[in-house]
Amino acid sequence: MDINNVFGGSEEVSSVYSGYVINKYKVIKEQLDYVDSLVGGFNKDTQHLFKHILVSSLVNLDWSEWIPVYSGLIKNKLREASWKVLEEAGLIEVTEYSIVMHKSREFKVLDNLILKFIQLAPVNAEDRFKSDKYNLFTGKKDNKKQVSRTVDGNDNEYSELVTSSVRIIKESLFNMTEIKKHIAGLESKLQDAKDTYGVGSKEYKTAFGQYKADETWFASIDNNALQIDENLWSYVPVYEVKMSGRIYAIRGLQCCSRKMKAAAYTGVNELRNYDLKASQVSGLQQQFELAGLDTSWLEEYRSNPNAKKEYAAQVGISVDCWKSCLCSLLFGATLSKPNKHTSKKMSAQIEKNKHKMQAIDTALLNYLYEESGRDEVKTLEYLAMFNKVVAPLKEQLDLWHDWLLKTWVLKAGRLGRGCIYLENAAGIKFNYTKESKAHPEWKLKAMLSAFILQGIESAFIHALTVESLKYSYKVVANEHDGLIVIGEIPDEAVKQAAFRSGLKYCVLEEKAIA
């Protein structure tokens, strides 16, 4: 999950997962007053902690209802905050930290409080988008429109390829009527789950997560929203560049559900959704070839149109979970060996060997943990099967990760100001000297993997965006490994983008959004 800078700009909103507290989130006056009515009697740090957990819950991209907050973060940033006071007041629920899952203590604002907060937003589109906005954390009015950021934290502009791509996407469209129907349907589904199964049921939690996520992203598109006709509206998407060259929508529909996107783009003439097929696997095959490694597992995976379904079925997990786990593995996740103990014995075993936990990528475990319904034993069963299925690939991945550090860095690195810098296909720079001092080797391998694989993927997508200036298609949304456009992308544009980005295995396919 990455909620860094969502809805506020990089200088204002930071992710709990990188050791910072959120300090900006725009709300309407009714929402501001409601939150103040809940926590106004507590000290400022405790108020801030509650708001941090609330906003984290709203913009949590993986729909998990629990928000991990490291105890050191609270001590360092919000010294006077007391989560116990919030718990005693019936505003939040709290878990113990989990050694087994390598997790910090987790928090969640009660569902009924989040639901009331969300439903305070006006139903009428005119009222929703024209209402004054306030910073939830300061209470100050903030109607300033956001723009995409094309500079890093030191105000240095990113590569010409990336910045040109970001600036080209000036307008996106959405069908207000269909989005409202979609949101109303989710709200109805939520009520049905409550009436039929109860608020503590799995069915209710699933329905609540879906409603919360799509309603939150709908609220984010108020940036310069203008009505075109009875159904269609336009807005200015706001993007931010990440370390690999990928761009993330601070405001927009990039991270909402597929069904929400399908509703949003209903009735938009000549709209097409393009996807770079098996982008990460294709990029890795190209990297394996450069390193002189065995590509047979990757070739077989790429050539099988049903690979995702078949491998997911072997592990016993959903296709979405399989895709997430595979990407974590490609980006440097270290597989652990599950034991056969019960949950308590397993906890004791891992505590005894906790020094090894530093080499376990928590993202992969988290995906399996959530897939299992937070069942530790089931998680390890999934992990055992996943280990078995990807064993041939993992062997070559380990060799590639070693090759990155021992060979590629020496060949590709450039010295500047006393540091070794690396550059990926998107033209993004990586300070190897700084990062190698700040992180253990396993983490460094993961960072470099993402830097390279996401770099070549994003370079192709950015190049394809820039190519739109020469042809008749208009890019309305960047989808990481694809584009949503008005018009048709010609083969020649794809070839030019592949050449410019250096992507060898390039298959761009048109797909339905839902």
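Being a predicted model, the structure only gives us computed values, none of them experimental.

Reading the values: rules and limits
- Residues numbered from 1 in each chain as written.
- Predicted model: local features only at pLDDT ≥ 70, side-chain atom pairs only at ≥ 80, totals over all residues.
- Heavy atoms only, no water.
- 1 Å grid on protein atoms, 1.4 Å probe; cavity = no way out; pocket = protein on both sides within 12 Å on 5 of 7 lines; lining within 4 Å.
- Points joined across faces, edges and corners; volume = space filled by probe spheres on them.
- Helix = DSSP H or I, 4+ residues; strand = E, 2+ residues; numbered from the N terminus.
- Salt bridge = Lys/Arg side-chain N within 4 Å of Asp/Glu carboxyl O.
- Buried < 20%, exposed > 50% of the residue type's maximum accessible area, 1.4 Å probe, protein only.
- Expected span 1.5 Å × (residues − 1).
- Pairing = 2+ DSSP bridges.
- Axes fitted to C-alpha atoms, helices over the stretch in contact; angles between N-to-C directions.
- Arc of directions from axis to C-beta.
- Contact = heavy atoms within 4.5 Å.

J.: Can you help me understand empty space enclosed by the protein in this one?
T.: Gaps left between atoms are located by rolling a probe of water-molecule size over the structure's atoms. One pass over the full model with this rule turns up 6 cavities of 30 Å³ or more. Of the pockets and cavities examined, the largest cavity occupies roughly 260 Å³. Every residue lining the largest cavity is counted, 20 residues in all, and those nearest its centre are Y25, K26, V27, Q31 and A219. Listed by contribution, the elements that provide at least two residues to the lining of the largest cavity are strand 1 (26-27), helix 5 (111-119), helix 6 (125-130) and helix 9 (202-219). Considering each element in turn, the lining of the largest cavity owes the most residues, 3 residues, to helix 9.

J.: What is the right way to look at the pattern of salt bridges in this model?
T.: A side chain of one charge can pair with a side chain of the opposite charge if their charged atoms are brought near each other. Here the structure, examined in full by the defined rule, presents 24 salt bridges. The closest approach of N and O atoms between E289 and K504, which form a salt bridge, is 2.9 Å. Of this pair, E289 sits in helix 11 (residues 279-291) while K504 sits in the loop between helix 20 (491-501) and strand 17 (508-510), placing them 215 residues apart in sequence. By relative accessible area, which is 31% here, E289 ends up partly exposed. For K504, a relative accessible area of 51% corresponds to the exposed category. Sharing partners across several salt bridges, the network here consists of K24, K26 and D142.

J.: Sorry if this is basic, but what is going on with helix 14 (residues 319-330) here?
T.: Because an α-helix packs 3.6 residues into every turn, residues spaced three or four apart end up facing the same way. For helix 14, with 12 residues, the first-to-last C-alpha span of 16 Å sits near the 16 Å given by 1.5 Å per residue. Among the residues of helix 14, C321, W322, C325, L326, S328, L329 and L330 are the ones counted as buried. Looking one or two residues past helix 14, G332 carries a phi angle of roughly 110°, positive in sign.

J.: Please explain the sheet that holds strand 15 (residues 474-478) as it appears in this structure.
T.: Where strands meet in a sheet, backbone hydrogen bonds hold them as pairs that are either parallel or antiparallel. Ordered by their spatial adjacency, 4 strands build an open sheet running 15-16-11-17, and the pairing between neighbours is antiparallel. Edge strands, defined here as strands with exactly one partner in the open sheet, are strand 15 and strand 17. Sheet twist, expressed as the mean angle between neighbouring strand axes with direction ignored, is 30°. Relative to strand 16 (residues 482-486), strand 11 (residues 271-276) runs antiparallel, the two being bridged by 5 bridges. Directly across from L271, in strand 16, lies its bridge partner I486.

J.: I would appreciate a short explanation of helix 13 (residues 307-315) in the present structure.
T.: Within helix 13, the full set of buried residues consists of A307, Y311, A312 and V315. Projected onto a plane normal to the axis of helix 13, the buried residues spread over an arc of 120° and lie on a single side. Turned more than 90 degrees off the buried face of helix 13, the exposed positions are K309 and A313. Tucked into the core, helix 13 has its buried residues touching helix 12 (296-303), helix 14 and helix 17 (376-412).

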